[in-house]
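Chains, contacts and geometry: an overview
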Amino acid sequence: MFPIVKKKVVESVFLDEEVEEKLKELTAVKLCVRLNTLQYMQKQINLLEDGIKKSWTSTMGKTDSMLIDSESLDELFVATFDSIRDSVADAIRKICDLIGTKIIFWDLRDSFLLRLYHGTVEGSRLENLLPHIDSVLNHVCGLIDDTLRDMVVASICRAALEGYIWILLDGGPSRAFSDSDIIMMEDDLNMLQDLFVADGEGLPRSLVEVESKLAHQILSLFSLDAESVIHMLMMASENLSTGFGSKIQGQRSLDDVDTLIRVLCHKKDGEASKFLKLQYHLPASSDYVETASYESTPKSPIPMGSEFLRSASVKWGEKGNSSFRLLKKRFQEVQGGSFRWS
């Protein structure tokens, strides 16, 4: 009835040595330098385009025949430089996303993801970890161009909230939440939001509230009694079996089976434990093996996918390459083949 695989092991994803070395070398400072370089390029593109056009005009003169040719070249300039603008803007977006993911899921995995709520909620509250997160945030903001600050901070905010959701749903058997814990966790989530709002000097509160909406909704599931969550799981399982419960890959929702089963697994509730044992033959938490230490080792599992590294590479579109080649060819034709593009 319930399409969940019954297992008695905690599955973890380990990074291979090559990816791990890349992550170590790809520091936040290096990423910020790349980001600033791209931002400088973006600011200089218009000046470069105007300069080339002026040089072209002064070199070729303003004859009627060349005027027509200049009009066709203007189209090539627009296509080429628009492609450059699009490529730079896309690279900026990807590196911003990479910075947020790298900081939260790699740089702060020990101090944030593996420590928060480990053991007990009361003994490992967010307020004890916020100073370190705040210092990292300030350090990054001090490295980047002011025009990029909100984009980078928004990326870190988004990643931090995704990390918080990971703690709630995939934090392992060392994390089990009671009804009284949820009140403290709501306070912690509000604290995390306030960190990024920064008393009106950070991100707009409306933006932070949108990003944190799913985390609040998941906490609301934990506040329900086990019977209600079980009923929701049964309905979701039934919809899934009939084809109505399919979800968009990579997106989590409150009424999907994966989310609901994880809520029950992390809910400190006798009825939930009884249900899980009966339906899935899940043993007590003590039967699972998990590293007790907060510190990760080179081979420790981390809550992330290494594929995000590949998103840092940006390829120029075929349209941009075509315009670039055509523009180069026209220059070569006018200059009798002596022109070289270096």
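Going by the annotation in an unreviewed UniProt entry, the name recorded for the protein is MHD2 domain-containing protein, with Lactuca virosa given as the source organism.

Focus on the nonpolar core
Counting residues in hydrophobic clusters, the biggest one holds 80 residues, and the most contacted among them are Ile 104, Phe 112 and Phe 196. Ranked by residue count, the leading element in this core is helix 6 (residues 149–170), at 14 residues. With residues up to four places along the chain from it excluded, the contact list for Phe 112 reads Ile 104, Leu 126, Leu 129, Ile 133, Ala 160, Tyr 164 and Ile 167.

Structural notes on helix 12 (residues 270–280)
For helix 12, every residue scored as buried is listed here: Ala 272, Phe 275, Leu 276 and Tyr 280. The buried residues of helix 12 occupy one face: seen down the axis, they fall within an arc of 100°. Turned more than 90 degrees from where helix 12 packs its buried face, Gly 270, Lys 274, Lys 277 and Leu 278 sit exposed. On its buried face, helix 12 sits against helix 10 (226–242) and helix 11 (257–265). For helix 12, the N-terminal cap is Asp 269; the gap from its side-chain oxygen to the backbone nitrogen of Glu 271 is 2.9 Å. Where helix 12 terminates, the next one or two residues include His 281, which has phi positive at roughly 55°.

A look at the pattern of salt bridges
Applying the stated criterion across every chain, the model contains 15 salt bridges. Of the charged contacts in the structure, one is a salt bridge between Glu 49 and Arg 85, with a shortest N-O distance of 2.6 Å. With Glu 49 in helix 2 (residues 28–60) and Arg 85 in helix 3 (residues 64–107), the pair connects residues that are 36 residues apart, well separated along the chain. The class of Glu 49 is buried, set by a relative accessible area of 7%. The partner of Asp 194 in a salt bridge is Arg 205, and the shortest N-O contact between them spans 3.3 Å. With Asp 194 in helix 7 (residues 179–197) and Arg 205 in helix 8 (residues 205–211), this pair connects stretches of sequence that are eleven residues apart. In this structure Asp 194 comes out as partly exposed when scored by relative accessible area, which is 38%.

What about the packing of aromatic side chains?
Tallying each qualifying case throughout the model produces four aromatic pairs. Here Tyr 117 and Phe 177 contribute two aromatic rings whose centre-to-centre distance is 6.0 Å and whose plane-to-plane angle is 80°, an arrangement assigned as edge-to-face. Within this pair, whereas Tyr 117 is found in the loop between helix 4 (109–113) and helix 5 (130–143), its partner Phe 177 is found in the loop between helix 6 and helix 7, the two being separated by 60 residues in sequence. When its relative accessible area of 1% is taken as the criterion, Tyr 117 is described as buried. The exposure class assigned to Phe 177 is buried, which follows from its relative accessible area of 1%. Aromatic pair Phe 275 and Tyr 280: ring centres 6.1 Å apart, planes at 80°, arrangement edge-to-face. Exposure remark for Tyr 280: the relative accessible area of 2% places this residue in the buried category. Among the aromatic residues, ring-to-ring pairing joins Tyr 117, Tyr 164, Phe 177 and Phe 222 into one connected group.

Rules used throughout
Residues numbered from 1 in each chain as written. Predicted model: local features only at pLDDT ≥ 70, side-chain atom pairs only at ≥ 80, totals over all residues. Heavy atoms only, no water. Core = buried A, V, L, I, M, F, W, Y, C linked by side-chain atoms within 4.5 Å. Buried < 20%, exposed > 50% of the residue type's maximum accessible area, 1.4 Å probe, protein only. Helix = DSSP H or I, 4+ residues; strand = E, 2+ residues; numbered from the N terminus. Contact = heavy atoms within 4.5 Å. Arc of directions from axis to C-beta. Polar contact = N/O pair within 3.5 Å; in protein donor to acceptor, adjacent residues only side chain to side chain. Salt bridge = Lys/Arg side-chain N within 4 Å of Asp/Glu carboxyl O. Phe/Tyr/Trp six-rings, centres within 6.5 Å; stacked < 30°, edge-to-face > 60°.

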